[in-house]
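Coordinate analysis (summary)
Listed below are the residues making up each chain.
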Amino acid sequence: MPAVKLRLAQGTPCWFSLMTDDLAGARAFYGELLGWTYTPGPGQLGDYVRAESAGEPVAGLGVSSVTGFPVQWTTYFAVDSADRTAQLVRECGGTVAVGPLQAERAGRLAIAADVSGAVFGLWQGEEHTGREAGPEPGGPAWAELLTPDEAGAAAFYGTVLGRPVAAADGGSALLVDGRPVAGLRPGTELRGHPPRWRVHFAVRDAGLTARRAVELGGRVLVEPQATARGRAARLADPQGGHFSVLES
């Protein structure tokens with residue numbers, strides 16, 4: 001009998017998914033930059049693949065079905081019930097744009113937006129439990145919300161995910177079992193862009209990765225610099241998807 005897979009604790013960022021208008025280009029870019037290989041994802045999600053690093057799934061890449069939808073990474077949070085949490089999102093002033101719906105036997109998902117409009121996902125893992133952030137190169141390292149209303153976001157996510165939010169490193173942090181799993185920061189870096197969750201991927205050298213991103217057709221939005229979590233750089237892929245890399 002196969003081992004039962006335990007989903008990550010509720011509130012833990014567990015998956016990061018890119019919706020793009022050029023899946024082939026995104027696969028080539030991230031494959032070269034982060035060393036990813038790919039396997040097919042759930043058929044119900046359309047043209048969608050799972051990225052793997054060192055043989056482990058770390059992220060998803062798919063084609064947006066909405067014309068004009070911006071290329072962006074979405075952070076998914078582990079939940080015990082996607083349906084119950086989606087209802088809490090609505091009750092707390094957020095919106096649910098997609099789902100909850102079943103992704104074959106992988107799990108159940110919803111895509112929502114918080115009170116300021118930042119998009120995020122809910123994932124009730126079944127066969128696919130997701131991947132917790134860590135220091136392994138090529139995998140997710142950290143998730144961080146940039147928002148114009150940090151206090152409102154803290155109240156929203158704390159209630160929706162049932163987890164405490166505490167002051168940390170010039171902003172706030174969502175805590176799971178007493179440890180920070182995601183950051184919330186004032187949106188001083190938004191510069192006219194809407195509030196958003198930013199994914200960080202672990203790399204050995206942020207400077208080398210930034211230079212390689214440019215060689216592959218991407219852009220450096222913020223040069224490598226020291227942060228509270230280590231040396232990081234903000235980048236954009238050739239299709240315009242923003243992400244960060246963090247030295248592990």
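See the structure printed just above.
The text that follows walks through the structure, step by step, so that each part is easy to find. Since this is a predicted model, take the numbers as computed values, not measurements.

Points about the side chain of S244
For S244, the position within the fold is in strand 16 (residues 242–247). When neighbours within four sequence positions are excluded, S244 is seen to be in contact with R198, V199, H200, F201, A233 and R234.

Some points on helix 2 (residues 82–91)
Helical geometry note: an α-helix holds 3.6 residues per turn, so side chains three or four residues apart project in the same direction. For helix 2, every residue scored as buried is listed here: A82, T85, A86 and V89. With its buried residues spanning 105° around the axis, helix 2 presents them on a single face. Of the exposed residues in helix 2, the ones pointing more than 90 degrees away from its buried face are R84 and E91. On its buried side, helix 2 packs onto strand 6 (95–103), strand 7 (107–113), strand 8 (119–125) and helix 3 (150–161).

Some remarks on the sheet that holds strand 5 (residues 72–78)
Taken together, 8 strands build an open sheet; the order of strands is 2-3-4-1-5-8-7-6 and the sheet is mixed. For this open sheet the edge positions go to strand 2 (37–40) and strand 6, each flanked by a neighbour on one side alone. Taken over all neighbouring pairs, the strand axes of this sheet differ in orientation by 30° on average, direction set aside. Pairing of strand 7 with strand 8, which is carried by 7 bridges, proceeds in the antiparallel orientation. Bridge pairing in strand 8 links G107 to G125. Strands in contact with helix 1 (residues 23–34) are strand 1 (13–20), strand 2, strand 3 (48–53), strand 4 (56–63) and strand 5; relative to strand 4, the strand with the most contacts, it is inclined by about 150°. Helix-sheet contacts for helix 2 involve strand 6, strand 7 and strand 8, and the interaxial angle to strand 6 is about 175°.

What about the state of the cysteines?
One pass over the full model with this rule turns up 0 disulfides. You can see C14 has no disulfide; the closest cysteine sulfur is in C92, sitting 19 Å from it. For C92, a relative accessible area of 26% translates into the label partly exposed.

Side note on the pairing of strand 15 (residues 230–236)
Most of strand 15 is tucked away, with 5 of its 7 residues classed as buried. Here 6 bridges tie strand 14 (residues 219–227) to strand 15, and the two strands are oriented antiparallel to one another. Bridging from a neighbouring strand, R219 pairs with A236 of strand 15. Following strand 14, the chain reverses through 2 residues before pairing antiparallel with strand 15. Where strand 15 meets strand 16, 5 bridges bridge the pair, whose relative direction is antiparallel. Residue pairing for strand 16: A232 is matched across the bridge by L246. The hairpin formed by strand 15 and strand 16 contains 5 residues between the paired strands, and G240 there has a positive phi angle of roughly 105°.

A few points about the nonpolar core
Counting residues in hydrophobic clusters, the biggest one holds 52 residues, and the most contacted among them are Y30, W36, L61, W73, Y157 and F243. L61 has contacts with L18, L23, A26, R27, Y30, W36, Y38, D47, Y48, V49, A51 and W73, leaving out every residue within four places of it along the chain. In this structure, C14, Y48, Y76 and A78 belong to the second largest nonpolar core, which totals 10 residues.

Here's the deal with the packing of helix 2 against helix 3
Two elements in contact, helix 2 and helix 3, have axes separated by 9 Å at closest approach and are oriented at 150°. Comparing their axes, helix 3 and helix 2 come out roughly antiparallel. Relative to helix 3, the crossing made by helix 2 is right-handed. When helix 2 is examined against helix 3, the residues T85, L88 and V89 are found in contact with a partner set consisting of F156, T159 and V160. Counted by class, the contact of helix 2 with helix 3 contains 4 nonpolar, 2 polar and no charged residues.

Rules behind the numbers
- Residues numbered from 1 in each chain as written.
- Predicted model: local features only at pLDDT ≥ 70, side-chain atom pairs only at ≥ 80, totals over all residues.
- Heavy atoms only, no water.
- Helix = DSSP H or I, 4+ residues; strand = E, 2+ residues; numbered from the N terminus.
- Contact = heavy atoms within 4.5 Å.
- Buried < 20%, exposed > 50% of the residue type's maximum accessible area, 1.4 Å probe, protein only.
- Arc of directions from axis to C-beta.
- Pairing = 2+ DSSP bridges.
- Axes fitted to C-alpha atoms, helices over the stretch in contact; angles between N-to-C directions.
- Disulfide = S-S within 2.5 Å.
- Core = buried A, V, L, I, M, F, W, Y, C linked by side-chain atoms within 4.5 Å.
- Parallel < 35°, antiparallel > 145°, perpendicular 65-115°, else oblique.
- Left-handed = near helix turned anticlockwise from the far one by under 90°.
- Nonpolar A, V, L, I, M, F, W, Y, C, P; charged D, E, K, R; others polar.

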